[in-house]
Amino acid sequence: MNCLSAVRFLPRFPSLATHQIPKYCSQVLTMAELKENTVNSQADENPPKKVKVDLEDLAKTEDLPKGDGGLSEEKKLRIKKKKHCMLIGYLGKGYYGMQVNKGLPTIEGELFKAFKTVGVMDEDSYETPQKIQFQRAARTDKGVSAVKQVLSFKMEALENEKEFVNKVCENLPNQIKVFGIKRVTGGFNSKLSCDYRSYTYIAPSFAFTPVDKEVTDSFRITSEIVNEVNEVLALFKGTHRFHNFTARRKPTDPSCRRFIMEFKCGEPFVREGIEFIPIHIKGQSFMLHQIRKMIGTVIAIMRGLASKEVIDKAWLQSRIDIPIAPALGLVLEEPHYDKYNTRYGSDGTHEPLIWDNYQDEIKGFFNEWIVPTVVRGEVEDKSMFNWLSTLIIHSFDVREEVDSTAKSPYFKALRNLEEDEEIVGDSD
């Protein structure tokens, strides 16, 4: 045993006198030296506890040398990230829905590329967005647009929110717009924290032309017809099994039970000589194609191709043949967070998720991108006009299994189109 070992041995046996140190220890220590070495020994055996690194101190380490005084690549300190929510709007035309779909253009695909460029995502989170707890309020289908879509994810705290928003927008196509970003609680989830969602379907008024009249662009809807449409829309309100208004869901599937709070027409407006009427719907959440199938059913009833009883029949277990209205006019209006706002909106730390400060910008994006695209789709492509001619192939009755070889090429092409949309679409 050398002298230093003997010194370190002493604290374990306080009663051991100094003269009991082995004779072969040639170095003679005073009691003061013994005490000093004992303290140092205890410090060696009890390394200091890890301390929380301040973000400002961490930022300074970037200037440290890479040698012994710097941070090695293997021992990088992690900056603590905070949960944020982001408000965006987008034109859905040309995209296969909101959610990432490998090999296909999607809204999230564009967002993730921008996030990676500005540093919100690294390689790992770009491939696996769950690593930054990324979530969206609603997974809109192929071709569906959004005026207010809310995202949630973790990122570093921001010093200048406006500058960050502008930086993200610079890396996005013009038809995708970031309006603002806010700090939220750590447990906030833009999908699960959402109380209900509002959508608008913008339809040409001529879709509700009475059956005894010719369908033309010059048709103008009357207040009497609007009241009739509202009566049919009201049949969907409440809680029902919507398995007949989606795809690949069985009637016994509990997720098919959905609650509709509001469903009514708005004020008509005229663009390019065609009158359009917005139809507003509010519900807890919606399944794949649910809104478009409800709109398709209402139009078929107003056109005299189906009766109101088809809606009652749709709540039963049998599978009913129901059409899907064009995606072009469907817009996610807003996800609502009333419970979150009540609990945290006035706690002095977090802001309520109300976006009044961005209303002018949001309205401008809607009028510049979404409305003109819907109008152009009708003027140039006759989206709704052509779709109306397909209603006659639907029975609005229990589906029968028919040999595909017996179906006309037109019928098969339409069915294939619907099946393609079912593959790429998704629900809230």
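Residues numbered from 1 in each chain as written. Predicted model: local features only at pLDDT ≥ 70, side-chain atom pairs only at ≥ 80, totals over all residues. Heavy atoms only, no water.

A. Spatial organisation of the overall build of the protein. Scanning the protein for helices and strands turns up 13 helices and 10 strands. Looking at the 428 residues of the protein, the share that counts as buried comes to 46%. Summed over its atoms, the accessible surface of the protein is roughly 23400 Å², and 49% of this surface lies on carbon and sulfur atoms. (Helix = DSSP H or I, 4+ residues; strand = E, 2+ residues; numbered from the N terminus. Buried < 20%, exposed > 50% of the residue type's maximum accessible area, 1.4 Å probe, protein only. Areas by Shrake-Rupley, 256 points an atom, 1.4 Å probe, with all protein chains shown as cover.)

B. View of the pattern of salt bridges. If you walk through the whole model with that rule in mind, you get 10 salt bridges. The shortest N-O distance in the salt bridge between Lys 308 and Glu 231 comes to 4.0 Å. Taken together, the positions of Lys 308 in the loop between α8 (290-302) and α9 (309-314) and Glu 231 in helix α7 (residues 223-233) put the pair 77 residues apart, joining distant regions of the chain. Where Lys 313 meets Asp 397, a salt bridge forms, and the shortest distance between an N and an O atom there is 3.5 Å. Taken together, the residues Lys 313 in helix α9 and Asp 397 in the loop between α12 (383-388) and α13 (409-424) connect sequence positions 84 residues apart. Its relative accessible area of 36% is what places Asp 397 among the partly exposed residues. (Salt bridge = Lys/Arg side-chain N within 4 Å of Asp/Glu carboxyl O.)

C. The environment of Pro 105, seen in detail. In this fold, Pro 105 is placed in the loop between β1 (82-90) and α4 (107-118). Measuring from C-alpha to C-alpha, the distance between Pro 105 and Lys 142 comes to 10.0 Å, with 37 residues separating the pair along the chain. Excluding residues within four positions of it along the chain, Pro 105 makes contact with Gly 94, Tyr 95 and Tyr 96. (Contact = heavy atoms within 4.5 Å.)

D. Region of interest: the pairing of strand β9 (residues 274-283). In terms of burial, β9 is a largely internal element, nine of the 10 residues being buried. Direction of pairing for strand β7 (residues 257-265) relative to β9: antiparallel, over a ladder of five bridges. Among the inter-strand pairings, Cys 265 is bridged to a residue of β9, identified as Ile 279. Of the pairings in the sheet, the one linking strand β8 (residues 269-271) to β9 comprises three bridges and is antiparallel in character. (Pairing = 2+ DSSP bridges.)

E. Focus on the nonpolar core. Residues Phe 153, Phe 208 and Met 294 are the most contacted members of the largest nonpolar core, which totals 104 residues. By residue number, the principal contributor to this core is α8, which donates eight residues. What Phe 208 contacts, discounting residues up to four positions off in sequence, is Phe 219, Ile 221, Ile 225, Val 229, Ile 277, Ile 279, Val 298, Ile 299 and Met 302. (Core = buried A, V, L, I, M, F, W, Y, C linked by side-chain atoms within 4.5 Å.)

F. Representation of α7 within the structure. Turning to α7, its buried residues are Ile 225, Val 226, Val 229, Val 232 and Leu 233. Seen end-on, α7 carries its buried residues on one side only, within an arc spanning 120 degrees. Lining the buried residues of α7 we find β7, β9, α8 and α9. (Arc of directions from axis to C-beta.)

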